[in-house]
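Descriptive structure summary
Letter by letter, the chains look like this.
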Amino acid sequence: MVRLCRKFLQNLPLLNLGATKVQVIHTTVIAFADPKILLLNIELELKSEKENAEIRLDDPTKYQSIVDAEWNIIYDKLAKCAESGAQIVLSRLAIGDLGTQYFADRGLFCAGRVPDDDMQRVAKATGARVQTTVNNLDKNVLGTCTRFEERQVGGERYNLFTGCPEARTATIVLRGGSEQFIDEAERSLHDALMIVRRALKHAHVVAGGGAIDMEVSRALRDHARTIPGKAQLFINSYARALEVIPRQLCDNAGFDATDVLNKLRQKHALPDGSGKYFGVDVNTGGVVNTYDAFVWEPALVKLNAIQSATEAACLILSVDETVRNPRSEAPDAAAMPGRGMGRGGMRGGRGRGMRR
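Residues numbered from 1 in each chain as written. Predicted model: local features only at pLDDT ≥ 70, side-chain atom pairs only at ≥ 80, totals over all residues. Heavy atoms only, no water.

Let's talk about the overall build of the chain
Selection criterion: Put simply, DSSP marks the helices as runs of H or I at least four residues long and the strands as runs of E at least two long, and each gets a number from the N terminus on. The classification of residues rests on relative accessible area computed with a 1.4 Å probe and restricted to protein chains. Under 20% of the type maximum is buried, over 50% is exposed, and intermediate values are partly exposed. All accessibility values rest on the Shrake-Rupley procedure with a 1.4 Å probe; residue burial counts only the protein chains present in the view.
Secondary structure summary: the chain contains 9 helices and 14 strands in total. Taken across its 356 residues, the chain has 30% of its residues classed as buried. Accessible surface, the chain: about 23200 Å² in total, of which carbon and sulfur atoms supply 53%.

Okay, here's the thing in structure tokens:
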């Protein structure tokens, strides 16, 4: 899931693989058709020697041969990458300016410091295998996709891999004017995806839109009338608490919760039971048979929600006394000596080593 705090982009295609955000080193080539992809876990840049590195020469003329050897090593690595037949070179580690220019001159795209999770997604989707050396590269370690493109989305540049042969995922781009809006959209979308995932794993569903809550509330109220004593009050309170779900749905949709709840109570009180599937209709502000309208909830999710809420309420009710220190709530409580202070920190006290 990609988060972008910008205005909405029209006609953004759904990608077969994630829009991999990387620290891109730009080249002139930004699009490839059926490219070969090489994934590396090595550095392709010249690095300065460590401070404690030392080379001793008995002949000053040999210094240039050492410098040339260092350049030959990096050029040999770059040449092997280019000879492998790959058009896209991605590395977990840095690719320096020398490597960038080398690949650009040969019409290749490269990007360094690719995050590990993005590298793993590219490897799984394209069939490429991450290499820790450039020796003996063959076509079996290269991945492929239908199209690779580097595109500007908002204020960021993203690498788009489309038509990946092994991809089983899709990328959803969230865009908004503020971080708060994006956070709320991401939470809502994540909840929706997890509900669908749970529904696929557990096929039992119940009517949504507050229908199951109203039906359980009605059943509890009917059961409470058969119980004498104070237990009847507890069950009625529990039944009234279940009505919070449809009431909150009405408030979120901007409808009159009292009017909608009265309609729901009337539907669920029908003697023939024909109204047990009626819930809140957020489109019209009335009530609708949510089961026929395909507004469902996984039964396991609803059971877990009711159980968790019941356990939390029981835990709060089990607290019969709260112990607090009124002195700690005073405005000057910070200036008062605490339990962790030593005896020498108290005014007028005897510190260790002081005369009696």
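Re the sheet that holds strand S3 (residues 31-33)
Through backbone hydrogen bonds, the strands of a sheet pair up, either in parallel or in antiparallel fashion. We apply this condition: The pairing criterion is simple: DSSP has to find at least two bridges between the two strands. Interaxial angles span 0 to 180 degrees and are taken between N-to-C directions of axes, which are lines fitted to C-alpha atoms, for helices over the stretch in contact.
If you walk across this open sheet you meet the 3 strands as S3-S8-S9, and the pairing is antiparallel. Every interior strand has two partners, whereas the edge strands, S3 and strand S9 (156-162), have only one. Taken pair by pair, the neighbouring strands of this sheet meet at an average axis angle of 25°, ignoring direction. Inspection of the sheet shows strand S8 (residues 147-153) paired to S9 by 7 bridges, in the antiparallel sense.

Some details on the environment of valine 287
For clarity, the cut-off: Only heavy atoms enter the contact rule, under which two residues are in contact if any of them lie within 4.5 Å.
Relative to the assigned elements, valine 287 resides in strand S13 (residues 286-289). For valine 287, a relative accessible area of 22% gives the class partly exposed. Residues valine 287 and tyrosine 277 lie 10 residues apart in sequence; the distance between their C-alpha atoms is 9.9 Å. Every residue in contact with valine 287, bar those within four places of it in the chain, is listed here: Val260, Lys263, Leu264, Phe278, Gly279 and Asp281.

Details of the pattern of salt bridges
Pairing is possible between side chains of opposite charge, provided their charged atoms come close. The condition is simple: Note on definitions: salt bridges are taken to be side-chain nitrogens of Lys or Arg within 4 Å of carboxyl oxygens of Asp or Glu.
On inspection of all chains with the given rule, the structure shows 14 salt bridges. With a shortest N-O distance of 2.7 Å, arginine 187 and glutamate 184 are connected by a salt bridge. With arginine 187 and glutamate 184 both in helix H4 (residues 179-201) and 3 residues apart, this pair spans about one turn of that helix. Classification of arginine 187 as partly exposed rests on a relative accessible area of 47%. In this structure glutamate 184 comes out as partly exposed when scored by relative accessible area, which is 42%. In this structure, the salt-bridge partner of glutamate 243 is arginine 265, at a minimum N-O distance of 2.8 Å.

With respect to the nonpolar core
Stated formally: Put simply, buried Ala, Val, Leu, Ile, Met, Phe, Trp, Tyr and Cys residues joined by side-chain atoms within 4.5 Å make one nonpolar core.
Counting residues in hydrophobic clusters, the biggest one holds 19 residues, and the most contacted among them are Leu38, Leu40, Leu44, Leu78, Cys81, Phe103 and Val134. At the level of elements, strand S4 (36-40), helix H1 (63-83) and helix H2 (97-105) are the ones that each hand at least two residues to this core. Formed by 18 residues, the second largest nonpolar core is a distinct cluster that contains Phe32, Leu90, Phe109 and Ala123.

A few points about unusual backbone geometry
The backbone of aspartate 34 sits at a positive phi, close to 50°, despite the residue not being glycine. With respect to the element layout, aspartate 34 can be found in the loop between S3 and S4. For asparagine 136, which is not glycine, the phi torsion reads 60° and is therefore positive. Since its relative accessible area comes to 76%, asparagine 136 is described here as exposed.

Things to note about a nonpolar patch on the surface
Condition: Residues enter patches when their relative accessible area tops 30% and they take part in no salt bridge; the joining distance is 9 Å for like charges and 5 Å for the nonpolar side chains Val, Leu, Ile, Met, Phe, Trp and Tyr.
A surface patch of nonpolar side chains, amounting to about 440 Å² of accessible area, comprises Tyr277, Tyr291, Phe294 and Trp296. Considering the arrangement of structural elements, one finds tyrosine 291 in the loop between S13 and strand S14 (296-298).

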